[in-house]
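Summary of the model geometry
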Amino acid sequence: MTITVVSNLGALQELLGYVFQDESLLRLALTHPSVAHEFSASTPHNERLEFLGDAVLGLVLSKELYERFPSVDEGLLSKARADLVNELGLARQAKKMNLGSYLFMSKGEDKCQGRTRNSTIADALEAIFAAVYLDGGYDCARKVILKS
């Protein structure tokens, strides 16, 4: 199976401020689950990376909040983190990057406005955070997340 590149991944890497050593991780992060329905159920897609990316994002932001606000209690820190990691905020960042234009997805998902759906692009952004983490480690992921 061959998936064609929707847009120049070099341009996306420039937006992220990170160049992948293993570009296949970025491609995987950009692969919507609908591709598995179009090609084969065994086609890898970004859901597992999204799972990891959610945790990486939470860790990075938790550490930043903890260090930046030493006198704030746990309840307020948790609320601040929740405000930062919500779907709408992630989608807003993804839209600034035009992330939807880089996604690999089924024709049906594409026709149903999948490239602009908040949940789709927010999930892809989380998957990208995981891909950066796996490719370059915590410090690289932190830089990308804090830049976003």
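Residues numbered from 1 in each chain as written. Predicted model: local features only at pLDDT ≥ 70, side-chain atom pairs only at ≥ 80, totals over all residues. Heavy atoms only, no water.

Bringing the side chain of Arg115 into the picture now. As for its position among the elements, Arg115 is in the loop between helix 7 (107–111) and helix 8 (118–136). For Arg115, the side chain forms a polar contact with the main-chain oxygen of Gly100, separated by 2.8 Å. (Helix = DSSP H or I, 4+ residues; strand = E, 2+ residues; numbered from the N terminus. Polar contact = N/O pair within 3.5 Å; in protein donor to acceptor, adjacent residues only side chain to side chain.)

A separate point is the packing of helix 4 (residues 47–68) against helix 9 (residues 138–147). Relative to each other, helix 4 and helix 9 sit at 80°, their axes nearing to 10 Å. What the angle tells us is that helix 4 and helix 9 run roughly perpendicular. Two secondary-structure elements touch here, helix 4 through Val56, Leu57, Leu59, Val60, Leu61, Lys63 and Glu64 and helix 9 through Tyr138, Ala141, Arg142, Ile145 and Leu146. (Axes fitted to C-alpha atoms, helices over the stretch in contact; angles between N-to-C directions. Parallel < 35°, antiparallel > 145°, perpendicular 65-115°, else oblique. Contact = heavy atoms within 4.5 Å.)

Looking now at the nonpolar core. The biggest cluster of nonpolar side chains holds 37 residues, and the ones touching the most others in it are Leu12, Phe20, Leu30, Leu99 and Ile128. At ten residues, helix 8 tops the list of elements feeding residues into this core. Ignoring sequence-local partners within four residues, the contact set of Leu99 consists of Leu12, Leu30, Ala94, Ile121, Ala124, Leu125 and Ile128. (Core = buried A, V, L, I, M, F, W, Y, C linked by side-chain atoms within 4.5 Å. Buried < 20%, exposed > 50% of the residue type's maximum accessible area, 1.4 Å probe, protein only.)

If you check the backbone angles, Asn98 has positive phi at about 55° while not being a glycine. Checked against the element boundaries, Asn98 lands in the loop between helix 6 (87–96) and helix 7. What makes Asn98 partly exposed here is its relative accessible area of 48%.

With that settled, consider the confidence of the model for the chain. Predicted confidence across the chain gives a mean pLDDT of 89, with 93% of residues reaching 70 or more. Every residue in residues 1–5 scores below 50 in pLDDT, and together they form nine contacts with partners more than four places removed in sequence or on other chains. (pLDDT = per-residue confidence, 0-100.)

Time to look at the packing of aromatic side chains. Overall, the coordinates contain one aromatic pair when judged by the stated rule. Seen in terms of ring centroids, Tyr18 and Phe20 are 5.0 Å apart; in terms of plane orientation they differ by 85°. Their pairing is edge-to-face. For the pair shown, Tyr18 and Phe20 are each scored as buried. (Phe/Tyr/Trp six-rings, centres within 6.5 Å; stacked < 30°, edge-to-face > 60°.)

Along the chain, the position of Gly114 falls in the loop between helix 7 and helix 8. Assessed through its relative accessible area of 0%, Gly114 is described here as buried. Considering only alpha carbons, one finds Gly114 and His32, 82 residues apart in sequence, at a separation of 9.2 Å. Not counting the four nearest positions on each side in its chain, Gly114 is found in contact with Met105, Glu109 and Thr120.

Attention shifts here to the environment of Tyr18. Considering the arrangement of structural elements, one finds Tyr18 in the loop between helix 1 (9–16) and helix 2 (23–29). For the pair Tyr18 and Asn8, spaced ten residues apart in the sequence, the C-alpha separation amounts to 14 Å. With residues up to four places along the chain from it excluded, the contact list for Tyr18 reads Gln13, Val132, Asp135, Gly136, Cys140 and Val144. At 2.5 Å, the side chain of Tyr18 forms a polar contact with the side chain of Asp135.

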